[in-house]
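Per-entry structural report
Letter by letter, the chains look like this.
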Amino acid sequence: MKDTTLLAYSGGLDTSVLIKWIQQKYDSEVITLTVDVGQQNDLKAIEKKAKSLGVKKHYSIDAKEEFVTNHVFPAIKANALYEGKYPVSTALARPLIASKMVKIAEEEGIKAVAHGCTGKGNDQVRFDITIKSLAPRLKIIAPVREWGLTRDEEIKFAKANGIQISPTTSPYSIDQNLWGRSIECGVLEDPSHEPPEEVFEWTVPPEKAPDKPEYVTIEFEGGIPCAINGENLNPVGLIQTLNKIAGKHGVGRIDHMEDRLVGIKSREIYECPAATVLLEAHKDLEKTVLTRHEVLFKQQIDAQWTFLVYTGLWMDPLREDLEAFINKTQDRVCGEVKVKLYKGGLQVVGRSSPMSLYDVNLATYDIQTTFDQSCSKGFIELWGLPTTMSNILKKKKEGEKK
Ligand code: ARG
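Report follows, based on the coordinates. Worth saying up front: this structure is predicted, and the values here are computed from it rather than measured. (Residues numbered from 1 in each chain as written. Predicted model: local features only at pLDDT ≥ 70, side-chain atom pairs only at ≥ 80, totals over all residues. Heavy atoms only, no water.)

**Considering the overall build of the protein chain**
Broken down by element type, the protein chain carries 14 helices and 14 strands. With respect to the principal axes defined by its C-alpha atoms, the protein chain has extents near 85 × 60 × 45 Å. Relative to its full complement of 402 residues, the protein chain shows a buried share of 47%. Here the contacts in the protein chain between residues at least 6 apart in sequence split such that 74% fall between residues at least 24 apart. Accessible surface computed for the protein chain: about 21100 Å², of which carbon and sulfur atoms make up 53%. Charged side chains of the protein chain number 52 positive and 56 negative; the gap between the two group centres comes to 3 Å. (Helix = DSSP H or I, 4+ residues; strand = E, 2+ residues; numbered from the N terminus. Buried < 20%, exposed > 50% of the residue type's maximum accessible area, 1.4 Å probe, protein only. Contact = heavy atoms within 4.5 Å. Areas by Shrake-Rupley, 256 points an atom, 1.4 Å probe, with all protein chains shown as cover. Lys, Arg positive; Asp, Glu negative; His and termini not counted. Charge placed at Lys NZ, Arg CZ, Asp CG, Glu CD.)

Quick look at the structure:
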């Protein structure tokens, strides 16, 4: 009996070619799996396509809610922006997809799993380490990493094997989920050139956005967004709604010079409307309710969490260690943040919280204040003591040299 390989299947050209490639070059039967993390593809059509390419069985798993609850929400709590810009959208979904691959492989008694990642990116790292952590004995095959086919050769192979290539097959490599859209390749590889309008799907160009600003109020509970404009929404619905609203105003376009784990610098384009809004709002609310010491310390923890996730170490125990700290701080992160969306721009214009540490009686420049300004003189004396002392000494030494 032939072996069976479980393939993570997107329905795109690469993974369609992989079905045939694995059947022929590895002499193996193929079972395909598509995990729905909100990429907005037609799952029925994907299943049909897989079946038409002769797979033994096809699985579709709706993991949207799990994705938002267990991956996106922790990222919001960690203010996750890799290198200050990228909301790690693709990175967040990979370990979830990998865990579903392991689950199906185990249920089916399959000994090998395959993915379509190249040897140049971060995704191979995320898939391989997650799979290895969950099922050390599972064999991982990544044919694209080994095959060395050019795009033209790949298309030739596809044609020879009856794989349909639609004239609309995109020249770009695109990865989508609820948290964002990543777009690479083609003309985007010249970082000096502005991305053409055709690469964007979720956002309008700012110049074509409505002439009137829109205000959106986001409510947070325990660091997690739970309502928009006073309406409670489920996790998936909330992200979908915000993607639409912010996208309509051209908010969430990101053009990033990124450092991949393998050392390559790459120019990446993202569309992350909901992520852009929620991360900005969450960070603002944290600054309202956490102490200065917490805010500054947490920035280091957040950066470490984001680095782990970006570099494929979702399964490292350090992630959960860091989350223990992060979650403790989030108890107080509740309240409302009002943002203003206008022509590609996003601004937080108001916030309120029952846990706010802001005290107008302290902060006001009015005469009527509870802040005792006479304390400041002595405070400054001591705060600056080491600095003023060292400068006095420096002056003295300079005087001695002359
Ligand atoms: N550079 C991003 C990351 O490493 C996006 C990768 C997108 N993947 C793709 N197949 N287009 O997370």
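Next comes the rest of the account.
**Quick word on the pairing of strand S1 (residues 3-8)**
Strand residues, when the strand is regular, have side chains that alternate between the two faces of the sheet. Counting buried positions over the six residues of S1 gives five, a clear majority of the element. Bridging between S1 and strand S2 (residues 28-36) involves six bridges; their strand directions are parallel. If you follow threonine 4 over to S2, its bridge partner there is glutamate 29. In the classification by handedness, the crossover that spans S1, the intervening helix H1 (residues 13-25) and the parallel S2 is right-handed. Two elements, S1 and strand S4 (residues 112-114), share three bridges in a ladder whose sense is parallel. From the neighbouring strand, leucine 7 faces S4, where its bridge partner is alanine 114. (Pairing = 2+ DSSP bridges. Right-handed = clockwise from strand over helix to strand, strands pointing away.)

**A short note on unusual backbone geometry**
Note on backbone geometry: most residues besides glycine have negative phi, and most peptide bonds are trans. One non-glycine residue, aspartate 27, lies in positive phi territory at about 45°. Looking at the secondary structure, you find aspartate 27 in the loop between H1 and S2. If you check the backbone angles, valine 88 has positive phi at about 50° while not being a glycine. Tracing the sequence through the fold places valine 88 in the loop between helix H3 (64-77) and helix H4 (89-108). The exposure class of valine 88 is buried, given its relative accessible area of 0%.

**Structural notes on the packing of aromatic side chains**
Two descriptors summarise a pair of aromatic rings, namely the distance from one centre to the other and the angle between the planes of the rings. Tallied over the entire structure, the rule returns eight aromatic pairs. The interplanar angle of 85° and the centroid separation of 6.1 Å between the aromatic rings of tyrosine 86 and tyrosine 310 together place this pair among those described as edge-to-face. Of this pair, tyrosine 86 sits in the loop between H3 and H4 while tyrosine 310 sits in helix H10 (residues 292-310), and the two are 224 residues apart along the sequence. With respect to burial, tyrosine 86 and tyrosine 310 carry one shared label: buried. A centroid spacing of 6.4 Å and a plane angle of 10° characterise the contact between phenylalanine 379 and tryptophan 383, whose relative ring orientation is stacked. (Phe/Tyr/Trp six-rings, centres within 6.5 Å; stacked < 30°, edge-to-face > 60°.)

**Side note on the site of the ligand**
The local shell around the ligand holds 14 residues, among which Tyr86, Asn122, Arg126, Glu258 and Glu268 are the closest. Measuring from a nitrogen atom of the ligand, one finds a side-chain N or O atom of glutamate 258 at 2.8 Å. Isolated, the ligand exposes 350 Å² of accessible area, and the fraction of that covered by the protein chains is 90%. Every element with two or more residues in the shell around the ligand is listed here: H4, helix H5 (123-134), strand S6 (173-177), strand S7 (180-184) and strand S12 (265-271). Residue composition of the shell around the ligand, grouped by class: four nonpolar, four polar and six charged. (Near = heavy atom within 4 Å. Polar contact = N/O pair within 3.5 Å; in protein donor to acceptor, adjacent residues only side chain to side chain. Nonpolar A, V, L, I, M, F, W, Y, C, P; charged D, E, K, R; others polar.)

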